Amino acid sequence: MKYYVLIKMVPDTVEELIIGADGKSLDTDAVRPKLADSDEHAIEEALLLKEKIGGDVAVVALESPEVEDALFTALAKGVNQAVKLTGDWSQLGSLGAAQVFAQYLAPDGQLSADTMVLLRSQAYDDLEGEIGPCLAEKLGVPFVGVVTRIVPGAQEVKVTKEFAGGLRGEFVVPLPCVLGIQSAEKPPRYVPIAKVRAAQKTAKIEEVEGVAPEAQRAYEVERMYLPEAAGRAQMLEGSVEEVADKVVEVLAQNSLL
Amino acid sequence: MSQGILIWTEHLRGQISEITFEMLGLGRQLADALKVPLTAAVAGANVTALGSQLGMADKVLLVENPALTLATAATQASVLQELLHQEQAALVLVGGTNVSLGVGTVLAARTRLPYINFCKAARVEDGAVVATSQLFGGKVLADTRLAEHRGIISVYPGAFPAEAGRRAGSPQLIPAAVEVAPSPVKFVQFIEPETGDVDITKQDVLVAVGRGIQSQDNVALAEELAAALGGAVCASRPVIDQGWLPLSRQVGKSGMTVKPRLYLALGISGAPEHWEGMQGSRLIVAVNTDPKAPIFDGAHYGATVDALDLLPVLTEKVKARKG
């Protein structure tokens, strides 16, 4: 079995996000890129599958700032192959990205039967929609998203998909397929920085020139801005001691103590 | 050419999903502003019963085919594409939910219509629809203009009032014939929510922990405070994904929906996915070191101290107050 995990860097929202001078995008200098959370889980799920039934894991990313860190981290975790598709993808939307990946995965349009493609269900900057269903569409293979469990079989996989309110559904999906991962069966494994540094010295990221897609973004952002505080909370100011006292008062006033 | 608005009805286990009524409310507002018809489409089993609940639409297209229930995004998109063609509609609304994920995306890929995700507001301006999306966990908004109101909008759950889309009455029900290829993906069974050791939906007091709790060991601090308050600990998605608490304690879009008397949110940023599961809480007190965290936009009270510093102090003071 060959597992491809397609990853993407997104702005770390722990940092303050600043709107760029064009008023239509983020200030890229102020952004700290990080791997999309559910891509972390997609890598973990692929590694778990490899441990269960064997196979090779390839992690593939479009060229973008700091993506090599994520690729080396994946190598340190145990993936077999890390690939960077080179090109200027800064203006690429989800449909275009799906085309670039599809061209890499199946240049002749046919995904080999023993292939599973795993990637995030959705990232918080996917304004043009989810890449997974587009990729599956392009490759002519089935897709299921919001997956939290994969039970591999010979020619098919059984997957668990989340709906809402804790309700889930079980589906059987024939191979090859594309699966949007919400979370892996286990939390993503920790890899010490020393191991990542070792991977940077010994392992290699393959660079493949990406094929520019036909599809360009079909939308244009008119304005990007920070939301105004609507019903702002009444803030409890002061030291930790003072805040604790104020919280206790609020609870008492609401008959919770 | 109708140039109208088409709503893709979401339903699960024989029930119309709330998102459908949210879309109907929004769709009605946009349709009236644009002076175009509002049409809803329902596909699956027993669609006549489902469609008769959609009184807010001018008409409802019915595609009776049990195989379309829980069909893949690609299969659903095939039906929607055919109906879009038949209706010559300009704008399509789909639910931005786990159930409908991918339907609009595939339709956009096939039709090359612009697709706008995470829509939380929309208005008509000079004959165009301008959709506002919330990105980066609710920290940034983006306005996108759909020229001639042509496009596909994925509506964020909870962003629009469902009540605005409910109208009793007898909408015009029109059977629609659409041929679809059988789906290669087969539904096996539903898996019911696990209640676990504690049913957080039945708790009066919830101490909720998020990424700011930093490690599994620190969850014990929250457990202690919850015990002192007579409640339970729940969490946002990152904590559950790390395996620090079981799935049964997850609050949010794909987790549980809770409505306690007190929701004490510790180290939770307030991403829309989490907000969706706890917005009905009677009293929300949020603690987060980031003064710009979206959680403060909806909480009743907030504090910007470190939740880990606050927890032991607050626990002691609660215990002292209770005697």
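Calculation notes
- Residues numbered from 1 in each chain as written.
- Chains lettered and ligands numbered in written order.
- Predicted model: local features only at pLDDT ≥ 70, side-chain atom pairs only at ≥ 80, totals over all residues.
- Heavy atoms only, no water.
- Phe/Tyr/Trp six-rings, centres within 6.5 Å; stacked < 30°, edge-to-face > 60°.
- Helix = DSSP H or I, 4+ residues; strand = E, 2+ residues; numbered from the N terminus.
- Buried < 20%, exposed > 50% of the residue type's maximum accessible area, 1.4 Å probe, protein only.
- Lys NZ or Arg CZ within 6 Å of the ring centre and 35° of its normal.
- Contact = heavy atoms within 4.5 Å.
- Buried area = accessible area lost by both parts, 1.4 Å probe.
- Salt bridge = Lys/Arg side-chain N within 4 Å of Asp/Glu carboxyl O.
- Polar contact = N/O pair within 3.5 Å; in protein donor to acceptor, adjacent residues only side chain to side chain.
- Nonpolar A, V, L, I, M, F, W, Y, C, P; charged D, E, K, R; others polar.
- Pairing = 2+ DSSP bridges.
- pLDDT = per-residue confidence, 0-100.
- Axes fitted to C-alpha atoms, helices over the stretch in contact; angles between N-to-C directions.
- Right-handed = clockwise from strand over helix to strand, strands pointing away.

A.B. asks: I keep staring at the packing of aromatic side chains and nothing clicks. Help me out?
C.D. replies: Two numbers describe a pair of aromatic rings. These are the distance of the centres and the angle of the planes. Inspection of the entire model under this criterion finds 7 aromatic pairs over all chains. Seen in terms of ring centroids, tyrosine 4 of chain A and tyrosine 104 of chain A are 6.4 Å apart; in terms of plane orientation they differ by 90 degrees. Their pairing is edge-to-face. Residue tyrosine 4 of chain A is found in strand 1 (residues 2-7), and its partner tyrosine 104 of chain A is found in helix 3 (residues 94-105); the two are separated by 100 residues along the sequence. Owing to a relative accessible area of 14%, tyrosine 4 of chain A belongs among the buried residues under this scheme. Among the aromatic side chains, those forming a connected cluster through ring pairs are Phe163 and Phe171 of chain A together with Phe187 and Phe190 of chain B. The lysine or arginine in question, arginine 223 of chain A, covers the ring of tyrosine 225 of chain A, its NZ or CZ lying 3.7 Å from the ring centre. Taking NZ or CZ as reference, arginine 13 of chain B lies 4.4 Å from the ring centre of phenylalanine 190 of chain B, over its face.

A.B. asks: Mind showing me how you'd approach helix 4 (residues 131-139) of chain A here?
C.D. replies: In an α-helix, one turn spans 3.6 residues, which is why side chains three or four residues apart end up on the same side. Across the 9 residues that make up helix 4 of chain A, a large majority, 7, are buried. For helix 4 of chain A, every residue scored as buried is listed here: Ile131, Gly132, Pro133, Cys134, Leu135, Ala136 and Leu139 of chain A.

A.B. asks: Please explain the interface of chain B and chain A as it appears in this structure.
C.D. replies: Interfaces are often described in size by the accessible area the parts lose on coming together. The partner chain A presents 88 residues to the 83 residues of chain B that form the contact. Between chain B and chain A lies a buried interface of about 7300 Å² when both sides are counted; carbon and sulfur atoms form 61% of it. When residues of chain B are sorted by the area they lose upon contact with chain A, Leu101, Phe136 and Tyr301 of chain B head the list and together hold 10% of the total. Our count for the chain B to chain A interface comes out at 11 salt bridges. The interface formed by chain B and chain A includes 38 residue pairs in polar contact (both at pLDDT 80 or more). It is helix 9 (residues 307-322) of chain B that provides the largest number of residues to the side of chain B that touches chain A, a total of 8 residues. A breakdown of the residues in the side of chain B that touches chain A according to their chemical character gives 44 nonpolar, 19 polar and 20 charged. As paired elements, strand 9 (residues 168-174) of chain A and strand 12 (residues 186-191) of chain B share 5 bridges and run antiparallel to each other. Considered in strand 12 of chain B, the bridge of valine 172 of chain A is made with lysine 186 of chain B.

A.B. asks: Mind showing me how you'd approach the confidence of the model for chain B here?
C.D. replies: The predicted coordinates should not be examined in detail at positions where pLDDT is low. On average, residues of chain B carry a pLDDT of 94, and 100% of them reach 70 or more. As scored by the predictor, the complex reaches a pTM of 0.91 and an ipTM of 0.92.

A.B. asks: Help me out: how do you make sense of unusual backbone geometry in this one?
C.D. replies: Generally, phi is negative for residues other than glycine and the peptide bonds are trans, each holding for most cases. Cis geometry is adopted by the peptide bond preceding proline 176 of chain A, which originates at leucine 175 of chain A and carries an omega value of -5 degrees. Residue glutamine 214 of chain B is not a glycine yet carries a positive backbone phi of 70 degrees. Here glutamine 214 of chain B shows up in the loop between strand 13 (205-209) and helix 5 (219-229). On the basis of relative accessibility, which here comes to 54%, the residue glutamine 214 of chain B falls in the exposed class.

A.B. asks: Explanation requested: the sheet that holds strand 12 of chain B in the structure shown.
C.D. replies: Neighbouring strands of a sheet are bound in pairs by backbone hydrogen bonds; such pairs are parallel or else antiparallel. Strand order in the open sheet made by the 10 strands is 11(A)-5(A)-4(A)-1(A)-6(A)-10(A)-7(A)-8(A)-9(A)-12(B), with mixed pairing throughout. Two strands bound the open sheet, and with one partner strand each, they are strand 11 (205-209) of chain A together with strand 12 of chain B. Pairwise comparison of adjacent strand axes, ignoring direction, gives a mean angle of 35 degrees for this sheet. As judged from the 6 bridges shared by strand 1 of chain A and strand 4 (residues 56-62) of chain A, these two strands associate in the parallel manner.

A.B. asks: How do you make sense of the pairing of strand 15 (residues 262-266) of chain B when you look at a structure like this?
C.D. replies: Every regular strand shows the same layout, with side chains that alternate between the two sheet faces. Residue and element names in this part refer to chain B. Of all 5 residues in strand 15, 5 are buried, a share of seventy percent or more. With 5 bridges connecting them, strand 13 and strand 15 associate as parallel partners. The residue of strand 15 that forms the bridge with valine 209 is leucine 266. Crossover handedness for the path strand 15 to helix 7 (residues 272-278) to strand 16 (residues 283-287): right-handed.

A.B. asks: Got a minute to help me understand the sheet that holds strand 15 of chain B in this structure?
C.D. replies: Here 6 strands make up an open sheet; going across it, the order is 13(A)-17(B)-16(B)-15(B)-13(B)-14(B) and the pairing parallel. Edge positions in the open sheet fall to strand 13 (234-235) of chain A together with strand 14 (232-235) of chain B, since each of these has one partner strand only. Seen against the sheet, helix 6 (residues 240-253) of chain A touches strand 15, strand 16 and strand 17 (301-303) of chain B and runs at an angle of roughly 170 degrees to strand 16 of chain B.

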